[in-house]
Amino acid sequence: MSLLPLFADLSGRTVLVLGGGTVAERKIALLLGYGVKVVIHAPLLSPQLERWRSEKRIDYRDGAFQEAWLNSMWLIVAASSDPAFNRYLAKLAGERRVFINVVDDAVLSTFHFPAIVDRSPLIVAISSGGTAPMLARMVRERLESMLDESWGMMAELCSGLRRSIRDRFPDLHARRSFYELLLHGPVAMLVRKKRIGDARRAAVKLLHADGFTQNGSVVLVGAGPGDPGLLTLRALRAMNEADVILHDRLVSSEVLDLARRDAERIDVGKRVGGHQITQERIHALILDLVTSGKKVIRLKGGDPFVFGRGGEELEFLRAHNICYEVVPGITAAIACAAYAGVPLTHRDHSRSVHFITAHCRDSLDTLDWPALARERQTLAVYMGVAEIKTLQTRLLEHGRAADTPFAVVENGSRSQQRVVTGRLDELATCTQAYALRSPALLILGEVASLAPRLSWFGQAPLTGAELQSSRSSNDCARAA
Ligand code: SAH
């Protein structure tokens, strides 16, 4: 079977649907979405179809089926459960040269409904010619994730400029280069930012510019905690368009694998000659790349605005008039809590959650310890492994109960994830005994007691109590 793809304007035109079940319902929902006047005939209507009928969104034909109905129809959809009736309908439709779709019967059908990706006015329709609808659906899913919602608005913008673009670039090759620039450059970025007026003005300016040289742009993207499934769709789309990806040490290789294959990857989190690449050096690198027209993705672990220095980078970009977007990511506290089964603000246990960093002694000195030591609140502590002993001491000194539960999550959401739970007074001992390493996040508060019960990912949590009992049995063994 060889099918010719067509896009039909059926708005305001009548289509007859035969059948009153959920299959008919799905087809009718689709037809209504495209402005079709639906006429339905069925012995019994599903509750949803009844509703549409009473709202006069569909026109119900009562009584016995009449062949003459077909004469005024543009299309027929046979969705009845009676194969003989469907065959009869296919024959009638054929005689009248009206296209018919017999649901789930590729042979009887003279038209098929494709799988659709709708970014109206841009529409992608996919068909497997009735051979493997599942395959068509899978292709659709792929395209859905690839094509940003802004493509529809972009198509509208292009339609307004189509004539001028054609006049300015009569040569097909030059026209294509212009469209490339339009669809992948700052104009598209403005459309994504929902600044349509600015996008139109920028497009017109570009149209009348002497040359095509254009600065690149930066998307500051949160890569989440490591599990690539936790990337946002927007992050994935941005990574698919990147020329260069500047990433931190915390960004997992599984996440990087999802980026456009040809994109250059630069690890700016690595140490060169024992020194971390400085922020100034990163800024200079971004400026260089953008000036040479590159689309740069600045990929940061978790969320770029949560202990990620994303703000500093944006200030730099703004100061240099560089276009940017920000894509949030799932921050470590949220991800680690979810993957360790710790509801951060379970209402029986906690009224608030505080994101704090225990990066170094100085940062610890600036914290409001009396406030942090209050009960029934959750602390999510980033970068805390090295300073864990100080943290424990200060909290105890300021009155947090010694038996306050904690959960430390190491490599949260990754295959090597480990969770250690215990009481505040054994926090440092446990961290040391289990040799917990960065990246690890500490969750402290009553909610952490839920981890052993609600955990679901990776190994079951290790506990401070286990440590104690193995210690005492060692002691016993030694004593014996
Ligand atoms: N912007 C990041 C945080 C950067 S600070 C975010 O929003 O998540 C780095 C600290 O984040 C690490 O020291 C650790 O405390 C925490 N962290 C990041 N990823 C982590 C992970 N997968 N598991 C545990 N902690 C993590």
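Residues numbered from 1 in each chain as written. Predicted model: local features only at pLDDT ≥ 70, side-chain atom pairs only at ≥ 80, totals over all residues. Heavy atoms only, no water.

## Describing the packing of aromatic side chains
Part 1 of the reasoning: Under the counting rule described, the total for this entry stands at twelve aromatic pairs.
Part 2 of the reasoning: An angle of 50° between the planes, with centres 5.0 Å apart, marks the rings of tyrosine 339 and tryptophan 456 as tilted. On the criterion of sequence distance, the pair formed by tyrosine 339 in helix 13 (residues 332-340) and tryptophan 456 in the loop between helix 18 (451-454) and strand 20 (462-463) is long-range, its members being 117 residues apart.
Part 3 of the reasoning: Seen from their ring centres, tyrosine 339 and phenylalanine 457 are 4.8 Å apart, and the 70° between their planes marks the pair as edge-to-face. You can see tyrosine 339 sitting in helix 13 and its partner phenylalanine 457 sitting in the loop between helix 18 and strand 20, a full 118 residues away along the chain. (Phe/Tyr/Trp six-rings, centres within 6.5 Å; stacked < 30°, edge-to-face > 60°. Helix = DSSP H or I, 4+ residues; strand = E, 2+ residues; numbered from the N terminus.)

## Regarding the sheet that holds strand 19 (residues 440-444)
Backbone hydrogen bonds hold the strands of a sheet together, and the pairing may be parallel or antiparallel.
Part 1 of the reasoning: Taken in spatial order, the six strands of this open sheet run 15-16-19-17-18-20, and their pairing is mixed. Only two strands of the sheet have a single neighbouring strand rather than two, namely strand 15 (353-357) and strand 20.
Part 2 of the reasoning: Taken together, the six bridges between strand 17 (residues 405-410) and strand 18 (residues 418-423) define a ladder with antiparallel strand orientation. The residue of strand 18 that forms the bridge with alanine 407 is threonine 421. (Pairing = 2+ DSSP bridges.)

## A closer look at the state of the cysteines
Put plainly, two cysteines are in a disulfide when a covalent bond ties their sulfur atoms together.
Part 1 of the reasoning: Counted under the stated rule, the structure contains zero disulfides.
Part 2 of the reasoning: Unpaired in this structure, cysteine 323 has its nearest cysteine sulfur neighbour in cysteine 158, at a distance of 18 Å.
Part 3 of the reasoning: Overall, the relative accessible area of 30% leaves cysteine 323 in the partly exposed class.
Part 4 of the reasoning: Unpaired in this structure, cysteine 430 has its nearest cysteine sulfur neighbour in cysteine 336, at a distance of 17 Å.
Part 5 of the reasoning: For cysteine 430, a relative accessible area of 1% corresponds to the buried category. (Disulfide = S-S within 2.5 Å. Buried < 20%, exposed > 50% of the residue type's maximum accessible area, 1.4 Å probe, protein only.)

## Side note on empty space enclosed by the protein
Part 1 of the reasoning: Counted under the stated rule, the structure contains three cavities of 30 Å³ or more.
Part 2 of the reasoning: Space inside the largest cavity adds up to approximately 120 Å³.
Part 3 of the reasoning: Lining the largest cavity are 16 residues; nearest its centre among them are Arg192, Ser217, Val219, Glu241 and Lys295.
Part 4 of the reasoning: Elements with a minimum of two residues in the lining of the largest cavity: helix 7 (186-192), strand 8 (217-222), helix 9 (233-241) and strand 13 (295-300). (1 Å grid on protein atoms, 1.4 Å probe; cavity = no way out; pocket = protein on both sides within 12 Å on 5 of 7 lines; lining within 4 Å. Points joined across faces, edges and corners; volume = space filled by probe spheres on them.)

## Focus: the packing of helix 1 (residues 22-33) against helix 2 (residues 47-54)
Part 1 of the reasoning: Closest axis-to-axis distance for the helix 1/helix 2 pair is 9 Å, and the angle between their directions is 40°. Compared by their axis directions, helix 1 and helix 2 come out oblique. Helix 1 and helix 2 meet at a crossing whose hand is left-handed. Along the contact surface, helix 1 presents Ala24, Glu25, Ile28, Ala29 and Leu32, while helix 2 presents Gln48, Leu49 and Trp52.
Part 2 of the reasoning: Class assignment for the residues of the contact of helix 1 with helix 2 results in six nonpolar, one polar and one charged. (Axes fitted to C-alpha atoms, helices over the stretch in contact; angles between N-to-C directions. Parallel < 35°, antiparallel > 145°, perpendicular 65-115°, else oblique. Left-handed = near helix turned anticlockwise from the far one by under 90°. Contact = heavy atoms within 4.5 Å. Nonpolar A, V, L, I, M, F, W, Y, C, P; charged D, E, K, R; others polar.)

## What to know about the site of the ligand
Part 1 of the reasoning: Lining the immediate environment of the ligand, one finds 20 residues, of which Val306, Thr331, Met383, Gly412 and Ala440 sit closest.
Part 2 of the reasoning: Threonine 331 is positioned such that a nitrogen or oxygen atom in its side chain is 2.6 Å from an oxygen atom of the ligand.
Part 3 of the reasoning: In the model, an oxygen atom of the ligand is placed 2.7 Å from a nitrogen or oxygen of the alanine 440 main chain.
Part 4 of the reasoning: In isolation the ligand offers 540 Å² of accessible surface; the protein chains occlude 94% of this area.
Part 5 of the reasoning: Sorting the residues of the shell around the ligand by element identifies helix 13 and strand 19 as the ones contributing at least two each.
Part 6 of the reasoning: Split by residue class, the shell around the ligand holds twelve nonpolar, six polar and two charged.
Part 7 of the reasoning: Counting contributing residues, the shell around the ligand receives three or more from each of domain 3 (217-330) and domain 4 (333-472). (Near = heavy atom within 4 Å. Polar contact = N/O pair within 3.5 Å; in protein donor to acceptor, adjacent residues only side chain to side chain. Areas by Shrake-Rupley, 256 points an atom, 1.4 Å probe, with all protein chains shown as cover. Domains from an automatic or database assignment.)

## Section: the environment of isoleucine 165
Part 1 of the reasoning: For isoleucine 165, the location among the structural elements is in helix 5 (residues 150-168).
Part 2 of the reasoning: Between the alpha carbons of isoleucine 165 and leucine 207 there is a distance of 7.0 Å; along the sequence they are 42 residues apart.
Part 3 of the reasoning: Sequence-distant contacts of isoleucine 165, defined by excluding residues within four places in its chain, comprise Arg175, Phe178, Tyr179, Leu182 and Leu207.

## Digging into the nonpolar core
Part 1 of the reasoning: Counting residues in each nonpolar core, the largest one holds 25 residues, and the members touching the most others are Leu391, Leu395, Phe406 and Leu442.
Part 2 of the reasoning: Where this core is concerned, the elements lending two or more residues are helix 15 (369-372), strand 16 (378-382), helix 16 (388-397), strand 17, helix 17 (427-433) and strand 19.
Part 3 of the reasoning: With residues near it in sequence (within four places) discarded, phenylalanine 406 still touches Val420, Thr421, Gly422, Arg423, Leu424, Glu426, Leu427, Cys430, Leu442, Ile443, Leu444 and Ala448.
Part 4 of the reasoning: Ile28, Ala42, Ala79 and Val103 belong to the second largest nonpolar core, which has 21 residues in total. (Core = buried A, V, L, I, M, F, W, Y, C linked by side-chain atoms within 4.5 Å.)

## Some thoughts on helix 16
Part 1 of the reasoning: For helix 16, the complete set of buried residues consists of Ile388, Thr390, Leu391, Gln392, Arg394 and Leu395.
Part 2 of the reasoning: In this structure, the buried residues of helix 16 make contact with helix 14 (361-365), helix 15, strand 16, helix 17 and strand 19.

## Some thoughts on the sheet that holds strand 8
Part 1 of the reasoning: Spatial ordering of the open sheet is given by 10-9-13-8-14, a layout of five strands whose pairing is parallel. In this open sheet, the two strands that pair with only one neighbour each are strand 10 (264-267) and strand 14 (324-327). Direction aside, the axes of adjacent strands within the sheet are offset by 20° on average.
Part 2 of the reasoning: Summarising the sheet, strand 8 and strand 13 pair through six bridges and their orientation is parallel. Across the sheet, the residue bridging to serine 217 is lysine 295, located in strand 13.

Read these as geometric descriptors, not functional statements.
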